[in-house]
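Each chain is listed here by its residues.
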Amino acid sequence: MYNPTVARLTYRALLGRRRAAILFVLPALLLLIAAAVRGFNGADDQIAADVLGGFALATMTPLIGVIAGTGAIGPEIDDGSIVYLLAKPVKRPTIIFTKLIVAIAVTMVFSAVPTFLAGLILNGNGQQVAVAYTVAALVASIAYSALFLLLGTVSRHAVVIGLVYALVWEALFGSLIEGAKTLSVQQWALAVAEKGSGEGLVASDVGLPVAVVLLAGVTVAATWYAGQKLRTLTLAGDE
Amino acid sequence: MSTLHIDHVSRWFGNVVAVNDVTMGVGPGVTGLLGPNGAGKSTLINMMGGFLAPSTGTVTLDGQPIWRNESVYRQIGVVPEREAMYDFLTGREFVVANAELHGLGATEAQRALATVEMEYAQDRKIATYSKGMRQRVKMASALVHDPSVLLLDEPFNGMDPRQRMQLMELLRRMGAQGRTVLFSSHILEEVEQLASHIEVIVAGRHAASGDFRRIRRLMTDRPHRYLVRSSDDRALAAALIADPSTAGIDVDVAEGALRIQAVDFGRFTELLPRVARAHSIRLLTVSPSDESLESVFSYLVAA
């Protein structure tokens, strides 16, 4: 299912592009904010949870997911170079699965690791806040990568749609409007993270069983569908 | 030895019919797919390469369907028209990656790079390559698994004459080895120099098929039209119409020119200057007015 050559090409394409700068800028910004907050307010569990929840998980993780998920396949489809992968005796779902693994790995490294470091800076992992949000970021990385990889496979406007989803739905509606919360990767991830943290610091509006089922369901369905779409991907010429 | 079969294939995009009920077989040797831009050549090649489903009809390689069948790529090598490659890789890394995707390795990649004579630049990034070098690395990536079928979409586009000659030589060699080589082109001379067999596509239809000489004869024997301006149009017209090589002449008063239809191309081109000289008429303009490929092709379709 996993093809190391496809993985290598995907990594290099993903990290070699200019867009990849955002992968470094956002985590740097998070660490900067964490250091500033700690400097002005000292260690405070509630503030730590607010920063990690409000910026790291609600904004940074979905944005990194958009860059990594859509970037793992979108540009290749756009410019037609995917033809070099497709014209090979390699199963199309293998290509999607491999790209998913790469997207997940990149999203995890660039969102979960800085989240954990920011948590340490903010309150030294007091009340397990850093660990809880790191777990949330890890879990969210999987679902975001699968969703945005599918988006990159089916749409040429994947980045725009992804950004709208990440910024408007997840960051705004997902934290403000009740109904939207049930359909938010962020809330599902929080439900998983809630288990391990101190009282009331990490809270989700979705129950754990529902969250786990939705996370797994979305990830599997999106990956399966992307594989099917790639099997019938049409490379129309210029005509 | 492999044969591609296209059987009553049509392909439409929305309301536009790109390929219209085409049936052809492509066997070992070099075949040229000739047609004007937008005739449906790329659509046809994309269907042969498994990147596009026919709307109706079937495309098969030795009886196996090509669409949604990854295993055919063990026998097919594809050289796409589009420029995009993995520009951040070196030529060697790119060909090695292509080899690995076939389950092969660096040895095969090196052999393919040697075949296209790109070893000297194999460690440079593809981004720094010229168009001809890119084309050759694309060739290497398509040859890496020693395929019996090679599909090339407009391979000579943008190549300089020397690169063109090298690639032609290479394709000729591939054809002589018994591979099925199909390339598309909108340039008659390219096809003439390289292909032993020609398929002509015009406006999505299969217009002609066969040996080059037959098609060439069809093309030169067609009526040619010329626009001629001279110091005495009417005297020239009178002298030309007396010869059987001229089928008709219009005096275009508005343009101040003659529109001449010649039926015998060779004889007419010789006749015109001779007649003008004999009558002391100065020729100011002699221009063929329908030399565009489209008119050549539309003539072929009618033939």
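Note that this is a predicted model, so its numbers are computed, not measured. (Residues numbered from 1 in each chain as written. Chains lettered and ligands numbered in written order. Predicted model: local features only at pLDDT ≥ 70, side-chain atom pairs only at ≥ 80, totals over all residues. Heavy atoms only, no water.)

### Some details on the overall build of chain A
Then, number 1: If you tally the helices and strands in chain A, you get 11 helices and zero strands.
Then, number 2: The helix and strand sequence of chain A, counted from the amino end, reads α-α-α-α-α-α-α-α-α-α-α.
Then, number 3: Overall, chain A is about 60 × 35 × 30 Å in size when its C-alpha atoms are taken along their principal axes.
Then, number 4: Residue pairs in contact within chain A that sit at least 24 positions apart in sequence constitute 77% of those at least 6 positions apart.
Then, number 5: Carbon and sulfur atoms form 69% of the exposed surface of chain A, whose accessible area is close to 9,600 Å².
Then, number 6: Taking the 15 positively charged and 13 negatively charged side chains of chain A as two groups, their mean positions are separated by 15 Å. (Helix = DSSP H or I, 4+ residues; strand = E, 2+ residues; numbered from the N terminus. Contact = heavy atoms within 4.5 Å. Areas by Shrake-Rupley, 256 points an atom, 1.4 Å probe, with all protein chains shown as cover. Lys, Arg positive; Asp, Glu negative; His and termini not counted. Charge placed at Lys NZ, Arg CZ, Asp CG, Glu CD.)

### Some details on the interface of chain A and chain B
Then, number 1: Facing the 33 residues of chain A at the interface are 33 residues of chain B.
Then, number 2: Both faces combined, the contact of chain A with chain B buries some 3,100 Å², and carbon together with sulfur accounts for 55% of it.
Then, number 3: The interface formed by chain A and chain B holds nine residue pairs in polar contact (both at pLDDT 80 or more) in total.
Then, number 4: Where the side of chain A that touches chain B is concerned, the elements lending two or more residues are helix H1 (4-16), helix H4 (74-79), helix H5 (83-86) and helix H11 (208-231) of chain A.
Then, number 5: No other element matches H1(A), which puts six residues into the side of chain A that touches chain B. (Buried area = accessible area lost by both parts, 1.4 Å probe. Polar contact = N/O pair within 3.5 Å; in protein donor to acceptor, adjacent residues only side chain to side chain.)

### Digging into the sheet that holds strand S10 (residues 205-211) of chain B
All names here are of chain B.
Then, number 1: Strand order in the open sheet formed by six strands is S6-S7-S8-S3-S9-S10, and the pairing between neighbours is mixed. For this open sheet the edge positions go to strand S6 (76-79) and S10, each flanked by a neighbour on one side alone. Strand-to-strand, the axes of this sheet are offset by a mean angle of 15 degrees, without reference to chain direction.
Then, number 2: Pairing between strand S9 (residues 197-202) and S10: six bridges, direction antiparallel. Looking at the pairing, His-197 lines up with Asp-211 of S10. (Pairing = 2+ DSSP bridges. Axes fitted to C-alpha atoms, helices over the stretch in contact; angles between N-to-C directions.)

### Concerning the pattern of salt bridges
Residue and element names in this part refer to chain B.
Then, number 1: For the structure on display, the rule yields 15 salt bridges over all chains.
Then, number 2: For Lys-41, the salt bridge goes to Glu-154, with nearest N and O atoms at 3.7 Å. Of the two residues, Lys-41 sits in helix H1 (residues 41-48) while Glu-154 sits in the loop between strand S7 (149-152) and helix H5 (161-176), which places them 113 residues apart along the sequence. An identical accessibility class is assigned to Lys-41 and Glu-154; each is buried.
Then, number 3: One salt bridge connects Arg-164 with Glu-190, and the closest N-O pair in it is separated by 2.8 Å. Here Glu-190 lies in helix H6 (residues 188-194) and Arg-164 lies in helix H5, a separation of 26 residues in the sequence.
Then, number 4: Three or more residues joined by partner-sharing salt bridges are found here, namely Glu-83, Asp-87, Lys-131 and Arg-134. (Salt bridge = Lys/Arg side-chain N within 4 Å of Asp/Glu carboxyl O. Buried < 20%, exposed > 50% of the residue type's maximum accessible area, 1.4 Å probe, protein only.)

### Some words on empty space enclosed by the protein
Then, number 1: Evaluation of the coordinates by the stated rule reveals three cavities of 30 Å³ or more.
Then, number 2: By volume, the second largest cavity is sized at about 80 Å³.
Then, number 3: If you trace the second largest cavity, you find 13 residues lining it, with A:Ala87, A:Lys88, B:Val78, B:Ser141 and B:Ala142 closest to the centre.
Then, number 4: With three residues, S6(B) is the single largest residue contributor to the lining of the second largest cavity.
Then, number 5: In terms of residue class, the lining of the second largest cavity is made up of seven nonpolar, five polar and one charged. (1 Å grid on protein atoms, 1.4 Å probe; cavity = no way out; pocket = protein on both sides within 12 Å on 5 of 7 lines; lining within 4 Å. Points joined across faces, edges and corners; volume = space filled by probe spheres on them. Nonpolar A, V, L, I, M, F, W, Y, C, P; charged D, E, K, R; others polar.)

### Here we look at the UniProt feature "transmembrane region" (unreviewed entry) in chain A
Then, number 1: Per the UniProt entry, the sites bearing "transmembrane region" (unreviewed entry) are residues 20-40, 52-74, 95-118, 130-151, 158-177 and 206-226 of chain A in this numbering.
Then, number 2: The annotated region residues 52-74 of chain A carries 91% helix and 0% strand content, and the separation between its end C-alpha atoms amounts to 29 Å. (UniProt positions renumbered as here; feature names shortened; annotations may be inferred.)

### Regarding the layout of surface pockets
Residue and element names in this part refer to chain A.
Then, number 1: Approximately 270 Å³ is the volume found for the largest pocket.
Then, number 2: Around the largest pocket sit 16 residues that line it, and Gly-53, Gly-54, Tyr-133, Gln-186 and Leu-190 are the ones nearest its centre.
Then, number 3: The biggest single contributor to the lining of the largest pocket is helix H3 (residues 45-71), with six residues.
Then, number 4: Broken down by class, the residue content of the lining of the largest pocket amounts to seven nonpolar, six polar and three charged.

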